[in-house]
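# A look at the structure
Listed below, chain by chain, are the residues.
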Amino acid sequence: MASHTVRVGALSWNSHILSSGSRVGKIHHHDVRIAEHHISTLTGHTQEVCGLTWSPDGRYLASGGNDNLLNIWPNITGNDPECQPLHTFTQHQGAVKAIAWCPWQANILASGGGTSDRFIRLWNVNSGSCLNAVDTHSQVCSIVWSTEYKELVSGHGFSQNQLIIWKYPNFTKVTELKGHQARVLDMCLSPDGTTVCSVAADETIRIWKCFAVDPAKKKKMAIAAQSSVLHHGIR
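My aim in this report is to walk through the structure given alongside it, one point at a time. From a predicted model like this one, the values you see are computed outputs, not experimental measurements. Along each chain, the written sequence defines residue order, and numbers are assigned to residues from 1. Local features in this predicted model are restricted to residues whose pLDDT is 70 or higher, and side-chain atom pairs enter the listing and the counts only when it is 80 or higher, whereas totals over whole chains, interfaces and linings include all residues. The basis for every side-chain value is the complete set of non-hydrogen atoms in the structure, without hydrogens or water.

Counting from the N terminus, the helices are DSSP H or I runs at least four residues long and the strands are E runs at least two residues long. Secondary structure summary: the protein chain contains one helix and 19 strands in total. Relative accessible area decides the class of each residue, using a 1.4 Å probe on protein chains only: under 20% of the type maximum gives buried, over 50% gives exposed, and in between gives partly exposed. When each of the 235 residues of the protein chain is scored for burial, the buried share is 48%. The criterion used for residue contact is that any of the two residues' heavy atoms lie within 4.5 Å. Residue pairs at least 24 apart in sequence account for 39% of intrachain contacts in the protein chain once pairs closer than 6 positions are excluded. Per element, the accessible surface of the protein chain, about 11,700 Å² overall, is 52% carbon and sulfur. Under the counting rule used here, the positive set is Lys and Arg, the negative set is Asp and Glu, and His together with the chain ends is not counted. The atom standing in for a charge is NZ when the residue is Lys, CZ when it is Arg, CG when it is Asp and CD when it is Glu. For the protein chain, the distance from the average site of its 20 positive side-chain charges to the average site of its 17 negative ones is 8 Å. Under the convention used here, a 1.4 Å probe and the Shrake-Rupley method define accessible areas, while residue burial counts only the protein chains that appear.

Structure follows, in structure tokens:
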């Protein structure tokens, strides 16, 4: 799918819309159902778009750039040249690559700043307010929310290259996970919500068992599964 003329540094899906962010700060929306897929362009960054993610409910698109800006866009995919961000957050003092939406509260967004910033910030995108912030003392490269607990994991670069698990919303540090010898490039959560996978510039992939299934939830799921088996047996 051709539309950008320079490097594409970030991608995010919203149903049949694929959004892409480029080195010159432009975001393109692509409707993958049609041949003329490039349907609109957003221009809210002056430098490379390095973070891009749609909210779980599809209402908002968050974009972070090397210009230290975090933009929140409405879900308007038509070609409107006047489309502007709902909010532009300028508090980060470094590139905003790490962006992640809260899985259980769709209007809450976490963002992390680069080497010259090192803060993780929590935002309420409905009100445009910063709810909390913590100095991690290390470059923030990636953020992943837990689906089992009210916690999130941050992946870091200079200077410690570690992962940190935080309590939400007060940012109490649970633990640090060390092992990578270079910057953590990205992270993802396993489908069952128990395991975090991290990939780093040291050319290693590490698997971290971070979130055991809550015992009460596990028991409830087991009872539901047993009930389902009995139901099908009777039928």
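There's more to say after this.
Extensive coverage of strand S2 (residues 17-22) is indicated by the burial of six of its six residues. Judged by which residues are buried, S2 turns out to be covered on both faces: Ile-17, Ser-19 and Gly-21 on one side and Leu-18, Ser-20 and Ser-22 on the other are all buried. A strand pair is defined by DSSP finding two or more bridges across the two strands. Inspection of the sheet shows S2 paired to strand S3 (residues 26-31) by five bridges, in the antiparallel sense. Residue pairing across strands places Ile-17 opposite Asp-31, the latter belonging to S3. Between the end of S2 and the start of S3, which pair antiparallel, lie three residues, with Gly-25 showing a positive phi angle near 95 degrees.

What follows covers the pattern of salt bridges. Within this document, salt bridges are pairs made up of a side-chain nitrogen of Lys or Arg and a carboxyl oxygen of Asp or Glu, the two lying within 4 Å of each other. One pass over the structure, following the stated rule, counts five salt bridges. Among the ionic pairs, Arg-33 bridges to Asp-31, the shortest N-O distance being 2.8 Å. Arg-33 gets classed as exposed once you look at its relative accessible area, which sits at 59%. One salt bridge in this structure joins Lys-178 and Glu-176, with 3.8 Å as the shortest N-O distance. Exposure remark for Lys-178: the relative accessible area of 56% places this residue in the exposed category. You can call Glu-176 partly exposed: its relative accessible area is 28%. Where salt bridges share partners, they join Lys-173, Glu-176 and Lys-178 into one cluster.

The next point concerns the side chain of Ser-12. Along the polypeptide, Ser-12 turns up in strand S1 (residues 8-14). Owing to a relative accessible area of 9%, Ser-12 belongs among the buried residues under this scheme. Excluding residues within four positions of it along the chain, Ser-12 makes contact with Ile-17, Leu-18, Ser-19, Leu-52, Thr-53 and Trp-54.

A word on the nonpolar core. Residues enter a nonpolar core if they are buried and are Ala, Val, Leu, Ile, Met, Phe, Trp, Tyr or Cys, with the set joined through side-chain atoms within 4.5 Å. Of all hydrophobic cores here, the largest spans 16 residues; its most connected members are Ile-120, Leu-122, Ile-143, Trp-145, Leu-152, Trp-166 and Phe-171. Mapped onto this core, the elements with two or more residues apiece are strand S9 (96-101), strand S10 (108-113), strand S11 (119-124), strand S13 (140-145) and strand S15 (163-167). If one sorts the elements of this core by residue count, S13 sits on top with three residues. Apart from the residues within four sequence positions on either side, Trp-166 is in contact with Ile-120, Val-134, Thr-136, Lys-150, Glu-151, Leu-152, Ser-154, Phe-171, Thr-172, Lys-173 and Val-174.

Scope: geometric values only; no functional claims are made or implied.
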